[in-house]
Amino acid sequence: MSTDLFIVGGDGDLALRKLYPSLYYLEINDCMPDSMRIIGTARTGQSREEFQAKIKKWLVQSVDEKLYSEEKWLSFANKIYFAQGDATKPDDLEKIGQEFFNEDNVLVVYLAIPPKIFGHVCRSLDACGLVKENSRLIVEKPLGDSRESFLEINEELSRVFTEKQLFRIDHYLGKESVQNLLALRFANDFFEPLWNNKYIDSVQITVTETVGVGNRWAFYDQTGATRDMVQNHLLQVLCLMAMEPPAMLDADSVRAEKLKVLKSLKPITNEDVFDRTVRGQYVRGTVAGEEVPGYLEEESDKYEIDPNSQTETYVAIESEIENWRWSGVPIYLRTGKRLNKKHSEIVVYFKQSHHNIFAKSKGERCPNKLIIQLQPDSGISLHLNSKVQGLDAGIPLKDGFLNLDLDDHSEPMKHDAYSRLFFDVFRNDQTLFVSADEVEAAWEWVDQIFTSWKETGQKCENYEAGTEGPDRAHRLVNSCGQKWYDGEYCPIEY
Ligand code: BG6
């Protein structure tokens, strides 16, 4: 059966920057479904050739030149069509349907448009009979800004599409390094007996960026780091790190386990919000040798910047999963913009026995750590104590590590997160997509944080751009006797 991919918002920013390059990767991997057609729609008229030329311009900029060839481009371009129309209008969709969609094909619709018009488009698709049992719908965040607004959006989608037809993207789940968490945990049995509150002291999940909010100020000011990153990406990573082994590697089993984690998150209340969260906002500073403006000084031609904005560009949270495996283990989450480096990682600190037979030796016994690097490099390193070689008295210790580099440095990566996710939609596999229940549970936990911030009047703390974030974020982690892992080895004192 052939597949038609219909991209609503087909010449918008998301489509041009992300979607077509990712689809091109499927082309070079020979992973496109048979007789695939990609139909982009937009209100502004243009010829098929003009549309293809626009896509090509973006594609050559974003795809590694070693992976670009005219031959592959031509076979990709042959699959691309342009359809003018307003997808919220059934008449327009009917015409597009008659011209492009084949009754027997699987129709996959991608809504690369603002969520406030998702409902209109779904109703139009339905009104002109385009939604069939085998149709699929792909949507992406922001799926609301609270549990309530998410439920409203979801209700609109669910009137037309069943849960089995809905593919909610969280692009972190499309990343190789994030999927590798499943392999690391469930294909290496020796971790399992250690993966609990008896042996794990604390966990840190970090996703930092050096970029500022730039021209997304208006969107970002309504959103902030907690809604933009924690509600989705960080909580999804947390779920994969913490969930119970699923019975099978299929959508129902994996999503059910992730949901249990989200539902077990301990609420952050007025009583403990100050001790368990730090919200920050960047002020002018230097990133990679370049002076950059503060959040309230960003250039924004179209919008007036609110000088009193309390939107957080950084957040650090001490979370806890209240279940048999994890209760009592602090799981620290932190993310922010305009920090000193772009990197994402999970650091698992293991407990140490109280009795230290090396106490009188030189050096320091460090807690064992498992560091799972998510990006920019992906790899795993297990930190262990070992003896410093030499004729010192006793057994002096040093921190050493076993490294597993997951990147193939000889070749550019032949796919990205979105190509993986497209690949799975075409195979009708929802394992790496987020269920409605998960999104709802994640919002519920995040909503509670906002309520507590509001009710206690907790304000943003400033941090200089190019630093590690607000000072108090260090104290958050110090409270369990740790510090944020910064890639440095444990000091050896002689
Ligand atoms: C997006 C956020 O979901 O993820 C952006 O809206 C953020 O603000 C981006 O920059 C980060 O994604 P990645 O893949 O670069 O870590």
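Whatever comes next refers back to the structure up there.
For the structure given in this document, a descriptive report is provided here.

### Observations regarding the overall build of the protein chain
And step 1. Scanning the protein chain from N- to C-terminus turns up 13 helices and 17 strands.
And step 2. For 494 residues, the compact-globule formula gives about 23 Å, and the C-alpha radius of gyration of the protein chain, at 24 Å, lands near that figure.
And step 3. Projecting the C-alpha coordinates of the protein chain onto the three principal axes gives extents of approximately 85 × 50 × 45 Å.
And step 4. In the protein chain, the share of contacts with a sequence separation of at least 24, taken over all contacts with a separation of at least 6, comes to 78%.
And step 5. Of the roughly 22900 Å² of accessible surface on the protein chain, a fraction of 49% belongs to carbon and sulfur atoms.
And step 6. Within the protein chain, the 80 negative side-chain charges are centred at a point lying 2 Å from the centre of the 57 positive side-chain charges.

### A word on the site of the ligand
And step 1. The local shell around the ligand consists of Lys141, His171, Tyr172, Lys175, Glu209, Arg216, Asp228, Met229, His233, Lys337, Lys342 and Gln375.
And step 2. Contact distances for the ligand include 2.7 Å between an oxygen atom and a side-chain N or O atom of His233.
And step 3. With the chains in place, 79% of the 400 Å² that the ligand exposes on its own is no longer accessible.
And step 4. Ranked by residues supplied to the shell around the ligand, first place goes to helix α8 (residues 217-242) with three residues.
And step 5. Among the residues forming the shell around the ligand, the class breakdown is two nonpolar, three polar and seven charged.

### Let's talk about the packing of helix α6 (residues 147-158) against helix α12 (residues 436-456)
And step 1. Interhelical geometry of α6 versus α12 gives an angle of 160 degrees and a closest axis separation of 8 Å. With respect to α12, the axis of α6 lies roughly antiparallel. Across from Arg147, Phe150, Leu151 and Asn154 in α6, the residues of α12 making contact are Ala436, Val439, Glu440, Trp443, Glu444 and Asp447.
And step 2. Taken together, the residues of the contact of α6 with α12 break down into five nonpolar, one polar and four charged.

### Quick look at helix α3 (residues 70-77)
For the α-helix, the turn length of 3.6 residues means that residues three or four positions removed from each other point alike.
And step 1. For α3, the set of buried residues is Trp73, Phe76 and Ala77. When α3 is viewed along its axis, its buried side chains cluster within an angular range of 95 degrees and face the same direction.
And step 2. The secondary structure elements touched by the buried residues of α3 are α1 (13-28), β2 (37-42), α2 (48-62) and β3 (80-84).

### Brief notes about the environment of Trp445
And step 1. You can see Trp445 is positioned in helix α12.
And step 2. Accessibility expressed as a relative area gives 4% for Trp445, which makes it buried.
And step 3. It is 8.3 Å that separates the C-alpha atoms of Trp445 and Lys263, two residues lying 182 residues apart in sequence.
And step 4. Sequence-distant contacts of Trp445, that is, excluding residues within four places in its chain, are made with Val230, Leu235, Leu265, Lys266, Pro267, Ile268, Ile317, Ser319 and Leu333.

### Considerations on the sheet that holds strand β17 (residues 461-464)
Either a parallel or an antiparallel arrangement is found when strands of a sheet pair, and the pairing is made through backbone hydrogen bonds.
And step 1. Taken in spatial order, the nine strands make up an open sheet running β16-β15-β14-β13-β7-β12-β11-β8-β17, and their pairing is mixed. The sheet is open, and its two edges are formed by β16 (397-405) and β17, each paired on a single side. Recorded for the sheet is a direction-independent mean angle of 20 degrees between the axes of neighbouring strands.
And step 2. The pairing of strand β14 (residues 369-375) with strand β15 (residues 379-387) spans five bridges and is antiparallel. By the bridge assignment, Leu370 is partnered in β15 with Leu382.
And step 3. Along the sheet, helix α7 (residues 176-186) makes contact with β13 (343-350), β14 and β15, crossing β14 at roughly 145 degrees.
And step 4. Against the sheet, α12 engages β8 (277-283), β11 (314-319) and β12 (331-336), with an angle of about 110 degrees to β11.

What counts and what doesn't
Residues numbered from 1 in each chain as written. Predicted model: local features only at pLDDT ≥ 70, side-chain atom pairs only at ≥ 80, totals over all residues. Heavy atoms only, no water. Helix = DSSP H or I, 4+ residues; strand = E, 2+ residues; numbered from the N terminus. Rg over C-alpha atoms; globule rule 2.2 N^0.38 Å. Contact = heavy atoms within 4.5 Å. Areas by Shrake-Rupley, 256 points an atom, 1.4 Å probe, with all protein chains shown as cover. Lys, Arg positive; Asp, Glu negative; His and termini not counted. Charge placed at Lys NZ, Arg CZ, Asp CG, Glu CD. Near = heavy atom within 4 Å. Polar contact = N/O pair within 3.5 Å; in protein donor to acceptor, adjacent residues only side chain to side chain. Nonpolar A, V, L, I, M, F, W, Y, C, P; charged D, E, K, R; others polar. Axes fitted to C-alpha atoms, helices over the stretch in contact; angles between N-to-C directions. Parallel < 35°, antiparallel > 145°, perpendicular 65-115°, else oblique. Buried < 20%, exposed > 50% of the residue type's maximum accessible area, 1.4 Å probe, protein only. Arc of directions from axis to C-beta. Pairing = 2+ DSSP bridges.

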